[in-house]
Amino acid sequence: MSPIISVKIRLAGLIEPGPWTVRHGFPYQPSAMAHDPVQKILAIGTQSGALRLFGRPGVECYCQHESGAAVISLQFLINEGALVSALADDSVHLWNLRQKRPAILHSLKFNRERITFVHLPFQSKWLYIGTEKGNIHIVNVESFTLSVPPPRPTHPDSRYTYDEAIHSVAWHHEGKQFICSHSDGTLTIWNIKGQGKPFQTITPHGKQPKDGKKPEPCKPILKVEYKTTRLGDPFMILSGGLSYDTVGRRPCLTVMHGKSTAVLEMDYPIVDFLTLCETPYPNDFQEPYAVVVLLEKDLVVIDLAQNGYPIFENPYPLTIHESPVTCCEYIADCPVDLIPALYSVGSRQKRQGYSKREWPISGGNWGLGTQSYPEIIITGHADGTVKFWDASAIMLQVLYKLKTAKVFEKSRNNKEDKQNTEIVDEDPFAIQIMAWCPESRILCLAGVSANVIIYRFSKQDITTEVLLEVRLQYEVNDVESPLDGGGGDRDPPTPGAASPSPQTAGPPTHPSTSSNSSDGVRDNVPCLKYATTPLKQSPGYQVELVVQLVWVSGEPPQQITSLALNSAYGLIVFGNSNGLAVVDYLQKTVLLNLGTVELYGSNDPYQRQPRSPRKTRQPSGGNGRFGGNFTDVTTKQVDVGSYYCLCDINECSASEDRCKSPTSGKLSFSVCVISVCTGALPFFAISSTVLLSVCPPRGANPLDHRDNSFSRSRSSSVTSIDKEVREAITSFHFCETFARKGDSAVAPCLFVGTSLGTVLAVALNLPPAGEQRLLQPVIVLPSGTVARLKGSILRMSFLDNTGTFLPPSFEPWYEPNATGADGEERDKARKRRPVSVSPSTSQELQESQYAVVVSEKQAKVIALPSQNCIFKHSITETSFVLRADVVQMNIGNCVACFCANGHIMALSLPGLRPLLDVNYLPLTDMRIARTFCFTNLGQAMYLTSPTEIQRITYSQETCENLQEMLGELFTPVETPEAPNRGFFKGLFGGGATSLDREELFGETQAGKASRGLAQHIPGPQGLEGMKGAASGVVADLARARIALDERGQKLGELDERTAAMLASADSFGKHAHDMMLKCKDKKWYQF
């Protein structure tokens, strides 16, 4: 994988690469953990060779071993700003943490033995490396070279044997006892001067027999730690050891303190745990105050100082994977009042019962750089939740969590419900597509169960309930594909050509009441049942409208493939492999429901011919809103909020590919309208809807297929109708532009992109703002084809005649549930003209706009209103584009593309000149394709693992400011004083000294180790190069400050040592003088 990329757009169109990456989330597949008790930082290693370092909230760092081997052990050089990592490929690395970007200084690669364990004592320069052969190798950390260990004694001083295998060992701080954990769930305590038998045996979770026999064996105790306190009983903390009869019980951590034993259940298996203590010295009372528990998918910190052992509230963004992420959106430079608004409603969602003490991992310092614009990341999840994250600068903090599953009833898991509702095997509430308007704060979500939910943001709570339901059903003529050789002399279908036949418009209690037709086939059944009980909605995002596709004649609805909204027009549009639907969420009305063929009208380039029409059940008169026939629906004034069910056609089966012949069966659809009481806006439920559709493209993989397959059948030419006759809707864009060729004025439009590379325009005729917008109908009229490209259409955008980006118009946010004076302000806001930056309608006919269209293969710039292609660029021939966005940079715009072959490309606008082409990340699974997205100001993100978000930049300005924005892991901290050894221990000696080890392991006495045992590999740039890598004025000042602090600390230590030496000399002189006076008058024979 290429490191990082950056982009700098200049007037000449140059982009310069440079490094930057930031990773957020829980470390995927953790394997090791270490803690520096003085610096108060935590390190976690993973099975992919990644290192994640955590300090105070907002101080995080990500590093990667080049080999990618699993990290099996981590050891801090406590308060030295360094870390030792041991990998599964038998390599040991020394990391320098005294810079914002940690780097490897030295490496050792063992050739003959497998490394199993690493240990580094506090304030020691000797690193102990254990191997699978039972050898212990000594490494000098200062030079990172092997030393020859002393020969292993044939007869050790003490040998301790036990019947059960040992999993871990922990020492008492005085060094007179140690404790072992065993495979049978027992703990044995041994005295150093014992007789080879354990001093005490404990089975924490074993049942004690009454006859005094040995307790029944339990599960292995994988790790135990023994921590002492000065004023109380010691702590014994262990993982595992549960009884075998506790089947199905979750993993547990046991805390034994005095006579009490607390069993703390965890949500995931325990990888490792560490006890945080007040002192770093192992020969002093530890005074434990917390336990850090590393789980497979979580990090838990337990407070040992409070009763009940509550957990600390985790301030890190480690809950991204709380439910699997299914889609992402990244918005940079959003409104400044948006993050405070989301935080204010999200702060009410916080759980209670956390420890009241401060988060104990509090090391490091925040970066001094600032970012002038706010950023938000939105993640959609498999359980239907949506999370909003503050991603400003290089931090990530959760702001607000929305649960969409509350709108629907929970499944009772009975067989009938599953048959009726489930079109996916699991996660029926999963979010598939998101559309968000930050200015109006309107959110639109498309779910995997073919549903669309519209939310409005409110600071007040409301309660909604269902009032009304209306149903319509139509039949449409069959369609004959060109492959069937249908008669070419028939007229093409026109919108509204079918005769609608309304169903009885009585208000049934639930859409599922008509779940089975006379022949037992499911019909008019939504995939999910909405909640029939009143729904209380808290401040935040509240349901405005729900739209669902339903089963028709036993056929399931197709999943939604594209979605867009525009708050200024009050419209949403969504499409799938059959067609599209436009919904007015202000009037709660379906405006347009067409198959893709209907959008072409008589100008269909593929000459798809209809068969002879079938007889309809009941002919009915038309009432032209759209130029076709539609039926007036029973009109009833209710208070805002509606629930729609738009059915799909029966062209697809419930199998995985869901494809039948394009000529099979009749086409029909249903519309269900269920209004919800949420406000005071009357609406008229009048619908003009005709659906004519074909099957989805062959080989198209739905987004819910989470496999690694990318075998997609792509048409290399828009004329290859023999290979691909079905056309799905893949992209939308609302804009104010020229709908038809030769128009003299701009007007609201909807541009539609299809899977066959066609761009079509749909004209929108909107009533004036205010009350008329709520009463008069919106007229929607397809206006023909604008352009054709190779491959599926991915993105559309617009520029003015100077090349300036034209964002869609929007409505400013207002409080939807306001009353009194606030209600008057709300009404005024509704009457305001929407914010738009499009050219005025008085412009003369000229090339006043440019449409930018990007497909899987090409990019085109089309002049409007003439619809002439002025620039064209072939993006890739051997691959295809997965994600494309038109992004705004500081001094211009560009098209950013991510291809399936891993290339990230950038094209200038409007000229489409190549600015960047970097082979960054080869596509390895569908997760990256599903979550990769670009945003303004040169930023991008994707889900690099199921638990982690990777952010990258292609902006040179951001790269230049990055060094100052990064936090510092290492800060100068004075090492705590060593424990007082006492007079007698100092007089008679006790414990080994550093001098002892120097004589034992140093080259002077022991010599050099064999070169074949391990290979020394210096770091990429060495210490000086690593220090020089950190650039910027702030970094230089920080290094100077650290150097001064270290110099002052060393001078202080020198003064203390000098004072101690003077005191020792004075004491020695005094004792010598007393001895001289005592022996002055004695003869030699009197001694």
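Just so it is clear, the structure is predicted and the values come from calculations on it, not from any experiment.

1. Quick notes on the overall build of the protein chain
Working step 1: Looking only at helices and strands, the protein chain features 12 helices and 59 strands.
Working step 2: Taken across its 1087 residues, the protein chain has 54% of its residues classed as buried.
Working step 3: Surface exposure of the protein chain reaches about 48,700 Å², of which carbon and sulfur atoms provide 51%.

2. Some thoughts on helix α1 (residues 338-346)
Working step 1: Among the residues making up α1, those that are buried are Leu 338, Ile 339, Ala 341, Leu 342, Val 345 and Gly 346. Buried residues of α1, viewed axially, fall in a sector of 165°; they line one side.
Working step 2: Where α1 is buried, its residues meet β26 (375-381), β27 (385-390), β28 (397-403), β29 (431-437), β31 (451-458) and β36 (540-548).

3. Let's talk about the packing of aromatic side chains
Working step 1: Following the criterion strictly, the structure yields 23 aromatic pairs and no others.
Working step 2: The interplanar angle of 5° and the centroid separation of 5.5 Å between the aromatic rings of Phe 388 and Tyr 541 together place this pair among those described as stacked. Taken together, the residues span a long stretch of sequence, with Phe 388 in strand β27 and Tyr 541 in strand β36 at a distance of 153 residues. Comparing Phe 388 with Tyr 541 shows no difference in burial state: the two are buried.

4. Concerning the sheet that holds strand β17 (residues 200-202)
Working step 1: Taken in spatial order, the four strands make up an open sheet running β14-β15-β16-β17, and their pairing is antiparallel. Strand pairing shows two members of the sheet lacking a second neighbour, β14 (166-171) and β17, which therefore form its edges. Sheet twist, expressed as the average angle between the axes of neighbouring strands with direction ignored, equals 20°.
Working step 2: Sheet analysis places strand β16 (residues 187-191) next to β17, joined by three bridges and oriented antiparallel. Considered in β17, the bridge of Ile 189 is made with Gln 200.

5. A look at unusual backbone geometry
Working step 1: The omega torsion across Leu 864 and Pro 865 is 10°, close enough to zero to call that bond cis.
Working step 2: Tracing the chain through its elements places Pro 865 in the loop between β50 (858-864) and β51 (868-874).
Working step 3: For Asn 79, which is not glycine, the phi dihedral falls at a positive 60°.
Working step 4: For Asn 79, the location among the structural elements is in the loop between β6 (71-77) and β7 (82-87).
Working step 5: Note on Asn 79: relative accessible area 7%, which makes it buried.
Working step 6: Located in the positive-phi region is Gln 867, a residue other than glycine, with phi close to 65°.
Working step 7: Along the chain, Gln 867 falls in the loop between β50 and β51.

6. Considering the UniProt feature "repeat: WD" (unreviewed entry) in the protein chain
Working step 1: UniProt marks residues 159-193 with the feature "repeat: WD" (unreviewed entry), using the numbering shown here.
Working step 2: Note that residues 159-193 is 0% helix and 49% strand, and that its end C-alpha atoms are spaced 11 Å apart.

7. As for the pattern of salt bridges
Two side chains carrying opposite charge are able to pair once their charged atoms lie near each other.
Working step 1: Tallied over the entire structure, the rule returns 21 salt bridges.
Working step 2: One salt bridge connects Glu 265 with Arg 250, and the closest N-O pair in it is separated by 3.1 Å. Of this pair, Glu 265 sits in strand β21 (residues 260-265) while Arg 250 sits in the loop between β19 (235-240) and β20 (252-257), and the two are 15 residues apart along the sequence.
Working step 3: Owing to a relative accessible area of 39%, Glu 265 belongs among the partly exposed residues under this scheme.

8. Some remarks on a negative patch on the surface
Working step 1: A cluster of acidic side chains, namely Glu 974, Glu 977, Glu 1053, Asp 1055 and Glu 1056, defines a negative patch on the protein surface.
Working step 2: Note on placement: Asp 1055 falls in helix α12 (residues 1033-1079).

9. Considering the environment of Lys 529
Working step 1: Relative to the assigned elements, Lys 529 resides in the loop between β34 (479-480) and β35 (535-537).
Working step 2: Looking at Lys 529, the relative accessible area reads 22%, which means it is partly exposed.

10. Observations regarding the nonpolar core
Working step 1: Among the nonpolar cores identified, the biggest contains 29 residues, and Leu 342, Ile 376, Phe 388, Trp 436, Tyr 455 and Tyr 541 are the most heavily contacted of them.
Working step 2: Looking at this core, the element that brings in the most residues is α1, giving five residues.

Calculation criteria
- Residue positions are given per chain, counting from 1 as you read along its sequence in written order.
- Note on the predicted model: pLDDT of at least 70 is required for a residue's local features to be given, and 80 or more for side-chain atom pairs to be given and counted; whole-chain, interface and lining totals, by contrast, use all residues.
- Excluded from the side-chain calculation are hydrogens and water; included are all heavy atoms of the structure.
- A run of DSSP states H or I qualifies as a helix once it reaches four residues; a run of E qualifies as a strand once it reaches two. Both are numbered from the N-terminal end.
- Type-normalised accessible area, obtained with a 1.4 Å probe on protein chains alone, sets the label of each residue: buried when under 20%, exposed when over 50%, and partly exposed for intermediate values.
- Computed by Shrake-Rupley with a 1.4 Å probe, the accessible areas treat only the displayed protein chains as cover when residues are assessed.
- Along the arc lie the directions from the helix axis toward the C-beta atoms.
- By definition in these notes, contact holds between two residues if any of their heavy atoms fall within 4.5 Å.
- Ring pairs shown here join Phe, Tyr and Trp side chains whose ring centres sit within 6.5 Å, with only the six-membered ring taken for Trp; geometry is labelled stacked below 30 degrees between planes, edge-to-face above 60, and tilted in between.
- When DSSP finds two or more bridges between a pair of strands, those strands are recorded as paired.
- Angles shown run from 0 to 180 degrees and are taken between the N-to-C directions of axes, each axis being a line fitted to C-alpha atoms and, for helices, limited to the stretch in contact.
- UniProt positions are given in the numbering used here, feature names are shortened, and annotations may be inferred rather than shown by experiment.
- Salt bridges are identified by distance alone: a Lys or Arg side-chain nitrogen within 4 Å of an Asp or Glu carboxyl oxygen.
- What goes into a patch is any residue over 30% in relative accessible area without a salt bridge, connected to like charges within 9 Å or, for nonpolar side chains (Val, Leu, Ile, Met, Phe, Trp, Tyr), within 5 Å.
- When charges are counted, Lys and Arg are positive and Asp and Glu negative, with His and the chain ends excluded.
- By convention, the charge on Lys lies at NZ, on Arg at CZ, on Asp at CG and on Glu at CD.
- Residue types Ala, Val, Leu, Ile, Met, Phe, Trp, Tyr and Cys, when buried and joined through side-chain atoms within 4.5 Å, form a set referred to as a nonpolar core.

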